[in-house]
Amino acid sequence: MSATIISGTETAKAIREELKQEVTDLLVKHQVVPGLVTILVGEDPASQSYVAAKNKTAHALGIHSEQVTLAKDTSEADLLALVAKYNQDPKIHGILVQLPLPKHINETKVLYAIDPLKDVDGFHPVNVGKMVLGEQCYLPCTPHGILELLLRSGVQTSGAEVVILGRSNIVGKPMANLMLQKRPAGNATITLCHTRTKDMAEHCRRADIIIAAVGVPKLVTADMVKEGVVIIDVGVNRIGMSESGKAILAGDVDFDSVKEKASFITPVPGGVGPMTITMLMKNTVQAARQAAGLL
Ligand code: GUN
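Heads up: these notes are all about the structure in this document. If you're wondering where the values come from, they're calculated on a predicted model, not measured in any experiment. (Residues numbered from 1 in each chain as written. Predicted model: local features only at pLDDT ≥ 70, side-chain atom pairs only at ≥ 80, totals over all residues. Heavy atoms only, no water.)

### A few points about the pairing of strand 4 (residues 94-97)
Here is step 1 of the chain: Burial along strand 4 is two-sided: Gly94 and Leu96 and Ile95 and Val97, pointing in opposite directions, are all buried.
Here is step 2 of the chain: Across four bridges, strand 2 (residues 35-41) lies against strand 4 in parallel orientation. In the strand pairing of strand 4, Thr38 is matched with Leu96. (Buried < 20%, exposed > 50% of the residue type's maximum accessible area, 1.4 Å probe, protein only. Helix = DSSP H or I, 4+ residues; strand = E, 2+ residues; numbered from the N terminus. Pairing = 2+ DSSP bridges.)

### Observations concerning the site of the ligand
Here is step 1 of the chain: With respect to spatial proximity, the complete set of residues near the ligand consists of Leu96, Val97, Gln98, Leu99, Asp121 and Phe123.
Here is step 2 of the chain: In this structure, a nitrogen atom belonging to the ligand sits 2.9 Å away from a main-chain N or O atom of Leu99.
Here is step 3 of the chain: Within the contact set of the ligand, a nitrogen atom lies 2.6 Å away from a side-chain nitrogen or oxygen of Asp121.
Here is step 4 of the chain: A class-by-class count of the residues in the shell around the ligand yields four nonpolar, one polar and one charged. (Near = heavy atom within 4 Å. Polar contact = N/O pair within 3.5 Å; in protein donor to acceptor, adjacent residues only side chain to side chain. Nonpolar A, V, L, I, M, F, W, Y, C, P; charged D, E, K, R; others polar.)

### Some thoughts on the sheet that holds strand 2
Here is step 1 of the chain: An order of 3-2-4 is seen for the three strands of this open sheet, with the pairing classed as parallel. Across the chains shown, the open sheet's two edge strands, defined by having one partner strand only, are strand 3 (64-70) and strand 4. Between one strand axis and the next, the sheet turns through 15 degrees on average, direction left out of account.
Here is step 2 of the chain: Where helix 2 (residues 45-61) meets the sheet, its contacts fall on strand 2, strand 3 and strand 4, and the angle it forms with strand 2 comes to roughly 170 degrees. (Axes fitted to C-alpha atoms, helices over the stretch in contact; angles between N-to-C directions. Contact = heavy atoms within 4.5 Å.)

Now the structure itself:
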């Protein structure tokens, strides 16, 4: 058996078409233009390319976007002042500070400074708390995108054994939380593996769905999965450079071997990545609606 490829590119395209229409309606009917600011500190090439992709997508959908790039030695105080400025800016409905931040800046402090109503990443503790309680809030973009991929692919999650690899605040922890809730793409039984897990392969072998978000290229191999498993690969690992100078990417899953046993699998690139950006746009449009009293 060879797996059905879940195309994040195609799914993202469909959702973006819906969003584009929504942005047009907001403008025509309510004179509202959603606004997003992305703030990048430093010159990390991966972060630069993510931020560029976010701004390009915003622009294509008719969302007003501002891109701020700060030197890597920018002080924490200056970054906090910038966040405070955008908290007050009525043109801006969503504020995204690209992570990771340089070591001298306290990431938690910066995320806490963002107005929760403008926290389109869903990283502020108010939004994290609401998410855990199952209340309406901005959901973190990558887990939200994965839920959409599972739903739109018709993958059954209710009662499924889901094994999540990686306990990051951005993916692993919120993913585990969302999938155990009584909600669409939820109701699963969750195992969260991390660096201290004794036998990760053994957990993987009994999984109906594996979500890999550890940042280790090709960690999950065919001998570690059962026939018919659903694979969601969040890893974006740069494993080399092509002759034309483009990064060669690999996921956390050994795609070529695992796809022969899986029923569904996401590719890298073109899987989860485009969905993350699309969910950011969805949250930004929601933020603009909320600010305009249209929710
Ligand atoms: N770094 C990696 N993923 C993300 C994300 O979803 N949001 C932000 N702000 N930074 C990231």
